[in-house]
Amino acid sequence: MKNIDIERIKKDFPILSVKPHGKRLVYLDNAATTQKPIEAIKAMDKYYEELNANVYRSPHYLSALSTQAYEEARERVKKFINAKKEESIVFTRNTTESINFIAYTWGMKHINEGDEILLTIAEHHSNILPWQMVAEAKGAKLKYVYLDENFRLSMKDFKEKMSDKVKLVAVQHMSNVLGIINPVEEITHIAHKYGAKVLIDGAQSVPHMPADVQKIDCDFFAFSGHKMLGPMGIGVLYIKEDLLKEVPPFLRGGEMIDEVYEDHSTFAPSPLKFEAGTPNIEGAYVLISAIDYIEKIGLTNIYKHEGELLEYGLQKMKELDFVKLYGPKDAKERGGIISFNVEGVHPHDVATILDEEGVAVRSGHHCCQPLMRYLGVPATVRASFYLYNDFEDIDALVEGLKKVRKWFK
């Protein structure tokens, strides 16, 4: 590995010593969730051993420590995605909640009958269902941008479907099935010319490559902590600073208020007005450790490392004449995800046999049924890479696929 010390990194992840079915664990389901380094695991223990208290509400020592840690997490996230202000960083449970947040608040307030919402056919269900709800409730229309012959987003189709009727463009930064990396800067630039707002689903991009919300110039950006070495139950929603007053609260209750009267209430300034109730304080605290780990390795190094794995994996799997690959053929046009099918074998059977060999992959529609129908398949198998994977992991996948072929031949 040219870019990172893979042997040292592997030692930082205790779970990699687990022996599924007595075999070496080859974890290739990183698009679903990533494993956690020992630093993040220790941070969770430290929070409950030394800092545990509710934030903001009490003047005592532990509450002050917990509040400081929570706000430090917000500052770290701000720098990580290069947001202008901490007020733009809202903590949620995950990407799904972040997108629903904007659908139920900004979407229900600003999208009206006859308006259009523009999505892509490759979107995760989490970036489709909320907009179906808004469209149905407000009498708006959903439109989809399709792929070109190389499985990339068709910018020609996108430009043809953009118009003054489009009020929102909701698009993934990186596909969780095909690995395609969408030109979000160009998309945002074009959308803004028509007065449309842009929401980016960054769940698959933020852990693997630099994401700069100021450079992209998007209005909303969402991602999850558990896909970037952090804990489950903590997500991030970025709201561009000039929209903070336009977005009403999503949930209402404790902590997000200014004054409450019998018949009305006023709200605290952003971001507090968006974080009702007790937040996931420990999740935010552990997210700091995850970001520290990623930045210690370097996102550019991680991206290059995964590019090497992807190029090697695509070449090895192209040599298997019983395997059909989906997505761009050029490794430079995609992230570290390979979706495929084995001829004559259901994806679930493929994944089950691979599991017997210690190889963990995902099988199914990957919460992308419209894309599956577009590809003409009910499901695929997906192998997805991260910083602790190496060439040996891909070799194990390939050998496992040969056993699948032998079983079903």
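- The name given to the protein in an unreviewed UniProt entry is Cysteine desulfurase, and the organism recorded there is Thermoanaerobacter wiegelii Rt8.B1.
- Its UniProt record, at the heading Function (unreviewed entry), says of the protein: "Catalyzes the removal of elemental sulfur and selenium atoms from L-cysteine, L-cystine, L-selenocysteine, and L-selenocystine to produce L-alanine."

Focus on the pairing of strand 3 (residues 116–120)
Next up, step 1: Burial runs high along strand 3: 5 of the 5 residues are buried.
Next up, step 2: Burial of strand 3 is two-sided: the residues Glu116, Leu118 and Thr120 facing one way and the residues Ile117 and Leu119 facing the other way are all buried.
Next up, step 3: For strand 3 and strand 4 (residues 141–145), the ladder comprises 5 bridges, and the chain directions are parallel. Paired with Thr120 across the strands is Val145, a residue of strand 4.
Next up, step 4: Taken together, strand 3, helix 5 (residues 129–138) and strand 4 constitute a β-α-β crossover, and its handedness is right-handed.

A few points about the packing of helix 11 (residues 347–356) against helix 13 (residues 391–408)
Next up, step 1: Packing of helix 11 against helix 13 brings their axes to within 9 Å, and their N-to-C directions diverge by 120 degrees. Relative to helix 13, the element helix 11 is oriented oblique. The element helix 11 and its partner helix 13 pack so that their crossing is right-handed. Along the contact surface, helix 11 presents Asp349, Val350, Ile353 and Leu354, while helix 13 presents Leu397, Gly400, Leu401, Val404, Trp407 and Phe408.

Observations regarding the pairing of strand 5 (residues 166–172)
Next up, step 1: Taking burial as the measure, the 7 residues of strand 5 include 6 buried ones, the bulk of the element.
Next up, step 2: Bridging between strand 5 and strand 6 (residues 197–201) involves 5 bridges; their strand directions are parallel. Of the residues in strand 6, the one forming a bridge with Val171 is Ile200.
Next up, step 3: Taken together, strand 5, helix 7 (residues 184–193) and strand 6 form a β-α-β motif whose crossover is right-handed.

Let's talk about the sheet that holds strand 14 (residues 362–364)
Next up, step 1: The strand order across the open sheet built from 4 strands is 11-12-15-14, with neighbouring strands paired in antiparallel fashion. Of all the strands in the sheet, just strand 11 (323–326) and strand 14 have a single pairing partner and so form its edges. Put simply, the sheet's adjacent strands are angled 30 degrees from each other on average, direction ignored.
Next up, step 2: Relative to strand 12 (residues 337–342), strand 11 runs antiparallel, the two sharing 4 bridges. Across the sheet, Leu325 pairs through a bridge with Phe340, a residue of strand 12.
Next up, step 3: Where helix 10 (residues 299–318) meets the sheet, it contacts strand 11 and strand 12, and its direction lies at approximately 15 degrees from that of strand 12.
Next up, step 4: On the sheet, helix 13 packs against strand 11, strand 12 and strand 15 (380–384) and is oriented at approximately 15 degrees with respect to strand 12.

Conventions we followed
Residues numbered from 1 in each chain as written. Predicted model: local features only at pLDDT ≥ 70, side-chain atom pairs only at ≥ 80, totals over all residues. Heavy atoms only, no water. UniProt positions renumbered as here; feature names shortened; annotations may be inferred. Buried < 20%, exposed > 50% of the residue type's maximum accessible area, 1.4 Å probe, protein only. Helix = DSSP H or I, 4+ residues; strand = E, 2+ residues; numbered from the N terminus. Pairing = 2+ DSSP bridges. Right-handed = clockwise from strand over helix to strand, strands pointing away. Axes fitted to C-alpha atoms, helices over the stretch in contact; angles between N-to-C directions. Parallel < 35°, antiparallel > 145°, perpendicular 65-115°, else oblique. Left-handed = near helix turned anticlockwise from the far one by under 90°. Contact = heavy atoms within 4.5 Å.

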